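# Descriptive structure summary
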Amino acid sequence: MSGAGTETEAVEQANTAFYEAMERGDFDALSDLWLDAGHGEISCVHPGWPLLTGRGEVLRSYALIMANTEYIQFFLTDVRVSLAGDTALVTCTENILSGGPAEEGDDLGPLVGQLVVATNVFRRTPEGWRVWSHHGSPVLAESSGDEAEEPGS
């Protein structure tokens, strides 16, 4: 019997594969992980970007990101999976380390760290779980190293 645990693991694997394809810069693998047009319109919001809809717009955005990112690594924390029939919701924090094209004479541009809270919605298809929607929102860092004051203190 395939229980919820097995399905949860399958969704977690699909979510991990999504980030691993980005890390490798594997556009074909990333494209295969998104829902195809016959199963519904996909959507994506990258941090600071407008809403993108449809395979053309969404996949173009990833091609652009990959073309301008020499190095990217995701450390996922706070991963939570919720299942409802043929739909799965994954929330997580993307701890991102990335570097752009190299400055003159350098092998790699400066590395930048960023925190993004993401929501990934998956749909079950005959081929497995596929990304239906991705929404990433930046986590704003504290402006100083001091602990934030509690209200009223």
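For the structure, check the block above.
Residues numbered from 1 in each chain as written. Predicted model: local features only at pLDDT ≥ 70, side-chain atom pairs only at ≥ 80, totals over all residues. Heavy atoms only, no water.

### What to know about the overall build of the chain
Definition in use: Counting from the N terminus, the helices are the DSSP runs of H or I reaching at least four residues and the strands are the DSSP runs of E reaching at least two. Only protein chains enter the accessibility calculation, which uses a 1.4 Å probe; a residue whose area is less than 20% of its type maximum is buried, one above 50% is exposed, and one in between is partly exposed. Throughout, a residue-residue contact means that at least one pair of heavy atoms, one from each residue, lies within 4.5 Å. Using the Shrake-Rupley algorithm and a 1.4 Å probe, accessible areas are obtained, with residue cover drawn only from the displayed protein chains.
Across its full length, the chain carries 3 helices and 6 strands. The N-to-C order of helical and strand elements in the chain reads α-α-β-β-α-β-β-β-β. Across the 153 residues that make up the chain, the buried fraction comes to 32%. A separation threshold of at least 6 residues defines the contact pool for the chain, and within that pool the share at least 24 residues apart is 52%. When the accessible surface of the chain is totalled, it reaches about 9200 Å², and 51% of it is carbon and sulfur.

### Some points on the pattern of salt bridges
For clarity, the threshold we go by: Every case where a carboxyl oxygen of Asp or Glu lies within 4 Å of a side-chain nitrogen of Lys or Arg is listed as a salt bridge.
Tallied over the entire structure, the rule returns 3 salt bridges. With its nearest N and O atoms 2.7 Å apart, the salt bridge here joins Arg-124 to Glu-7. In this pair, Arg-124 is assigned in strand β5 (residues 111-125) and Glu-7 in helix α1 (residues 4-24), connecting sequence segments 117 residues apart. Looking at Arg-124, the relative accessible area reads 33%, which means it is partly exposed. A salt bridge links Arg-24 to Asp-26, with the nearest nitrogen and oxygen atoms 3.4 Å apart. Among the charged side chains, a network of salt bridges with common partners joins Glu-7, Asp-86 and Arg-124.

### Let's talk about the side chain of Asn-15
Of note, Asn-15 is situated in helix α1. Setting aside its immediate chain neighbours within four residues, Asn-15 contacts Leu-76, Val-90, Cys-92, Asn-120 and Phe-122.

### Thoughts on the pairing of strand β4 (residues 87-99)
Basically, it comes down to this: Note on pairing: DSSP must find at least two bridges between two strands before they are called paired.
When strand β3 (residues 71-84) meets β4, the two strands line up antiparallel, connected through 12 bridges. Paired with Arg-80 across the strands is Thr-91, a residue of β4. In sequence, β3 turns back onto β4 through a hairpin of 2 residues, with Gly-85 there showing a positive phi of about 65 degrees. Looking at chain direction, β4 and β5 are connected through 13 bridges and run antiparallel. Bridge pairing in β5 links Leu-89 to Val-121.

### Considerations on the nonpolar core
How we decide: Within this scheme, the nonpolar core is defined by two criteria: the residues are buried Ala, Val, Leu, Ile, Met, Phe, Trp, Tyr or Cys, and they are joined through side-chain atoms within 4.5 Å.
Grouped together as the largest cluster of nonpolar side chains are 29 residues, with contacts concentrated most on Phe-18, Met-22, Leu-30, Trp-34, Val-58, Tyr-62 and Phe-122. Looking at this core, the elements that each hand over two or more residues are α1, α2 (27-33), α3 (54-67), β3, β4, β5 and β6 (128-138). Looking at this core, the element that brings in the most residues is α1, giving 6 residues. Once you skip the residues sitting within four places of it in the chain, Tyr-62 turns out to touch Phe-18, Met-22, Phe-27, Leu-30, Trp-34, Cys-44, His-46 and His-134.

### Overview of the packing of aromatic side chains
As a reminder, the rule being used: Centres within 6.5 Å make a pair out of two Phe, Tyr or Trp rings, where for Trp the six-membered ring is used; the pair is then stacked when the planes are under 30 degrees apart, edge-to-face when over 60, and tilted otherwise. Remark: a charge is flagged as sitting over a ring if the NZ atom of Lys or the CZ atom of Arg is within 6 Å of the ring centre and within 35 degrees of the ring normal.
Counted under the stated rule, the structure contains 5 aromatic pairs. Judged by centre distance (5.9 Å) and plane angle (50 degrees), the ring pair of Trp-34 and Tyr-62 falls under tilted. Linking Trp-34 in the loop between α2 and β1 (43-45) with Tyr-62 in helix α3, this pair joins segments that are 28 residues apart in sequence. Since its relative accessible area comes to 2%, Trp-34 is described here as buried. It is Arg-123 that lies over the ring of Trp-132; its NZ or CZ is 4.6 Å from the centre.

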